[in-house]
Amino acid sequence: MSKVVKFGGSSLADATQFQKVYEIIKSDQERRYVVPSAPGKRFKDDTKVTDLLYKIFYAKTKNEFHLYFDQMKERFLDIIDGLHLDMSLDDEFQIIQEALENGASEDYIVSRGEYLNGKILANYLDFVFIDAKDVIFIDKDGRYDVKKTDKILSQKLETTPYAVIPGFYGSLNDGSGQIKAFSRGGSDVTGSIVAKNGKVDLYENWTDVSGFLIADPCIVKNPDVIETITYKELRELSYMGASVLHENSVFPVRKEGIPIHVKNTNCPEDPGTLIVESTCHKPAHVITGIAVNKVLRLS
Ligand code: ASP
């Protein structure tokens with residue numbers, strides 16, 4: 001049995017969160033491939049690293065640029081210091097700054113959050129770092145190139161038992177080697193592609209909630225968690241406005257019959273929600289979940 005584990009930004013927002021992630025991964029040898037997002041919010045009004053990177057890219061003045069660039073660097077240096085890692089990202093920061101001066105693309109810049117976080121996580125776990133640009137290929141419209149990716153990524157994973165592969169980006173499938181990002185939240189998609197090509201049995205998607213709730217907690221008090229849901233039900237809930245996984249993250253694993261297990265990094269013992277093709281046992285509730293699409297709601 002083997003597993004892919006994807007961690008969202010809040011699961012990797014600072015050194016304390018990294019320690020929780022370390023415990024989760026090291027407690028189960030089957031957790032072999034790790035897909036990190038960029039560091040997310042540490043508190044309510046904090047800025048996600050990916051959003052900082054957008055600000056860096058669109059900075060209008062030199063001062064603005066340096067302000068955001070320094071904030072971005074601080075986020076990573078704090079994590080390295082907090083974990084007492086013997087590594088430096090100085091060269092990486094230098095490369096990014098030079099790339100910006102030489103007209104780097106938006107996709108290149110905004111993907112650096114996952115890239116740098118992946119470097120730190122690989123060092124911390126002592127896993128191999130696989131740059132997503134070498135194994136994940138994306139067309140100009142942001143769709144993953146199934147044929148090219150599956151061939152190269154599956155070969156790479158076959159010979160790499162434990163690895164960190166940053167989420168959210170790959171390179172253009174035209175052979176140019178240019179970095180191309182998925183749409184926002186795209187690390188979910190990377191996790192799914194890695195799960196398919198690593199031929200794993202389970203895709204664990206670690207986040208900051210203990211699974212999907214049967215109703216919106218802003219409308220219904222303390223709703224139950226959905227323990228098991230089918231891919232079809234999930235699609236209906238997403239369509240109705242329940243914000244869950246990235247919509248393109250279902251297809252690669254569903255086709256291979258790999259379930260997705262949504263788990264909470266902050267409460268790893270909670271059962272979470274398991275997404276499967278079909279359920280054979282009697283469900284806990286007649287209705288799996290209720291969602292409302294605010295755009296469709298009549299006033
Ligand atoms: N960091 C990217 C975002 O904020 C991708 C991801 O987290 O999945 O959208």
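Residue positions are given per chain, counted from 1 along the sequence in the order it is written. Owing to the predicted nature of the model, reporting of local features is limited to residues with pLDDT of at least 70; listing and counting of side-chain atom pairs is limited to 80 or more, with chain, interface and lining totals taken over all residues. Hydrogens and water molecules were not included; the side-chain quantities draw on all heavy atoms of the structure.

> Could you give an account of the sheet that holds strand β6 (residues 169–172), with specific residues and numbers?
Here a strand pair is declared whenever DSSP counts at least two bridges between the two strands. Here a strand is any run of E in DSSP of at least two residues, a helix any run of H or I of at least four, and the numbering for each starts at the N terminus. Taken together, the 3 strands give an open sheet; going across it, the order is β4-β6-β7, and neighbouring strands pair in mixed fashion. Two strands bound the open sheet, and with one partner strand each, they are β4 (137–138) and β7 (179–181). The pairing of β4 with β6 spans 2 bridges and is parallel. Paired with I138 across the two strands is L172, which belongs to β6.

> Tell me about helix α3 (residues 62–82), residues and numbers included.
Think of an α-helix as turning once every 3.6 residues; residues three or four places apart then point the same way. Expected helix span is given by 1.5 Å per residue-to-residue step, counting one fewer step than there are residues. Under the 1.5 Å per step criterion, the end-to-end length of α3 is 30 Å for 21 residues, consistent within 8% with the ideal 30 Å. Considered for burial, the residues of α3 that qualify are F65, Y68, F69, M72, R75, F76, I79 and I80. In an axial view of α3, the angular spread of the buried residues amounts to 135°, which keeps them on one side of the axis. Opposite its buried face, α3 presents the exposed residues K62, N63 and D81, each directed more than 90 degrees away. Two residues form a contact once any of their heavy atoms are found within 4.5 Å. Considering only its buried residues, α3 is in contact with α1 (15–26), α2 (49–57), α4 (90–101) and α5 (106–125). At the exit of α3 stands H84, carrying a positive phi of roughly 55°. Categorising residues by exposure relies on relative accessible area from a 1.4 Å probe, with only protein chains included: less than 20% of the type maximum marks a residue as buried, more than 50% marks it as exposed, and the intermediate range marks it as partly exposed. Each direction from the helix axis to a C-beta atom contributes to the arc, which is the arc of those directions.

> I'd like a description of the pairing of strand β11 (residues 273–276), backed by residues and values.
Put simply, side chains in a regular strand alternate between the two faces of the sheet. Two elements, strand β9 (residues 228–230) and β11, share 3 bridges in a ladder whose sense is parallel. Paired with T230 across the bridge in β11 is V276. Summarising the sheet, strand β10 (residues 260–264) and β11 pair through 3 bridges and their orientation is antiparallel. Counted as the bridge partner of V262 is T273 from β11.

> Can you tell me about the packing of α1 against α5, naming the residues and giving the values?
Think of each axis as a best-fit line through the C-alpha atoms, taken over the contacting stretch in the case of a helix, with angles from 0 to 180 degrees between the N-to-C directions. Relative orientation of the contacting elements α1 and α5 amounts to 55°, with a least axis distance of 11 Å. The orientation of α1 with respect to α5, classified from their angle, is oblique. At the point where α1 passes α5, the crossing takes the right-handed sense. Side by side, α1 and α5 meet where F18, Q19, V21, Y22, I25 and K26 of the first sit next to N117, I120, L121, Y124 and L125 of the second. Residue composition of the contact of α1 with α5, grouped by class: 8 nonpolar, 2 polar and 1 charged. Orientation is classified from the angle alone, with under 35 degrees giving roughly parallel, over 145 giving roughly antiparallel, 65 to 115 giving roughly perpendicular, and any other angle giving oblique. In this scheme the handedness of a crossing depends on how the near helix is turned from the far one: anticlockwise by less than a right angle means left-handed, clockwise means right-handed. Residues are grouped as follows: nonpolar covers Ala, Val, Leu, Ile, Met, Phe, Trp, Tyr, Cys and Pro; charged covers Asp, Glu, Lys and Arg; every other residue, Gly included, is treated as polar.

> How would you sum up helix α6 (residues 146–158)? Please name residues and give values.
With 13 residues, α6 extends 17 Å between its outermost C-alpha atoms, agreeing within 8% with the 18 Å of an ideal straight helix rising 1.5 Å per residue. Turning to α6, its buried residues number three or more, namely T149, D150, L153, S154 and L157. Within α6, the buried residues cover an arc of 105° as seen down the axis, which keeps them to one side. Those residues of α6 that are exposed and aimed more than 90 degrees away from the buried face are K147 and K151. On its buried face, α6 sits against β2 (31–36), β4 and α7 (187–197). Whenever a nitrogen or oxygen atom comes within 3.5 Å of another N or O atom, the pair is scored as a polar contact, on the condition that within protein one atom can donate a hydrogen and the other can accept it, and that pairs from neighbouring residues in sequence are kept only if both atoms are in side chains. Its side-chain oxygen 3.3 Å from the backbone nitrogen of K147, D145 forms the N-cap of α6.

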